[in-house]
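Report on the structure
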Amino acid sequence: AEEIAQGVENMQLLYGVDSNADGDVNQYRTAAQMDVDGNSSIDANDWDKVKSVRIALVFRSQNPVLPSNQTQVLNGITYNDRYFRQAVNSTVVIRNK
């Protein structure tokens with residue numbers, strides 16, 4: 001295994017879904033929520049509705065750098081320690097489907 005980004009502590013992916021076939025993303029879902037058509041099965045028909053992917057990363061310093069514990073909430077996760085963290089988010093449109 002080769003590390004491609006140092007210090008990534010958390011990664012979340014959300015899939016932008018066009019659930020009403022109008023060509024626009026109208027909701028973001030986790031992989032576990034991808035039963036778009038409601039047939040109790042996540043299959044290729046559901047994944048074909050994905051138009052974008054929202055990527056959220058939390059980077060953490062390699063060593064504790066803050067003078068005392070500090071509480072932060074990043075991407076829905078609470079941290080309470082001496083590490084410095086930064087959240088980075090990007091949405092990528094899927095082309096050539």
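Structure report, in brief. What you see is a predicted model; the values in this text were computed from it and never measured.

1. A word on the overall build of the protein chain
- In terms of regular secondary structure, the protein chain is built from one helix and six strands.
- Ordered by position from the N terminus, the helices and strands of the protein chain form the series β-β-α-β-β-β-β.
- Over its C-alpha trace the protein chain gives a radius of gyration of 17 Å, far above what one expects of a compact globule, namely 13 Å for 97 residues.
- Dimensions along the principal axes, computed over C-alpha positions, put the protein chain at roughly 50 × 25 × 25 Å.

2. With respect to a nonpolar patch on the surface
- Residues Val8, Met11 and Leu13 make up a contiguous nonpolar surface patch of roughly 250 Å² in combined accessible area.
- The topology assignment puts Val8 in strand β1 (residues 8-17).
- A residue is classified by how much of its surface remains accessible, and Val8, at 34% relative accessible area, is partly exposed.

3. Examining the sheet that holds strand β2 (residues 27-29)
- Strand order in this open sheet of four strands is β2-β1-β3-β6, and the pairing throughout is antiparallel. Pairing within the sheet leaves two strands with one partner each, and these edge strands are β2 and β6 (85-93). Shown here is a sheet whose adjacent strand axes are inclined to one another by a mean of 25 degrees, direction ignored.
- As judged from the three bridges shared by β1 and β2, these two strands associate in the antiparallel manner. When the bridges of β2 are listed, Tyr15 appears paired with Arg29.

Reading the values: the criteria
- Residues numbered from 1 in each chain as written.
- Predicted model: local features only at pLDDT ≥ 70, side-chain atom pairs only at ≥ 80, totals over all residues.
- Heavy atoms only, no water.
- Helix = DSSP H or I, 4+ residues; strand = E, 2+ residues; numbered from the N terminus.
- Rg over C-alpha atoms; globule rule 2.2 N^0.38 Å.
- Patch = residues over 30% accessible without salt bridge, like charges linked within 9 Å, V, L, I, M, F, W, Y side chains within 5 Å.
- Areas by Shrake-Rupley, 256 points an atom, 1.4 Å probe, with all protein chains shown as cover.
- Salt bridge = Lys/Arg side-chain N within 4 Å of Asp/Glu carboxyl O.
- Buried < 20%, exposed > 50% of the residue type's maximum accessible area, 1.4 Å probe, protein only.
- Pairing = 2+ DSSP bridges.
- Axes fitted to C-alpha atoms, helices over the stretch in contact; angles between N-to-C directions.

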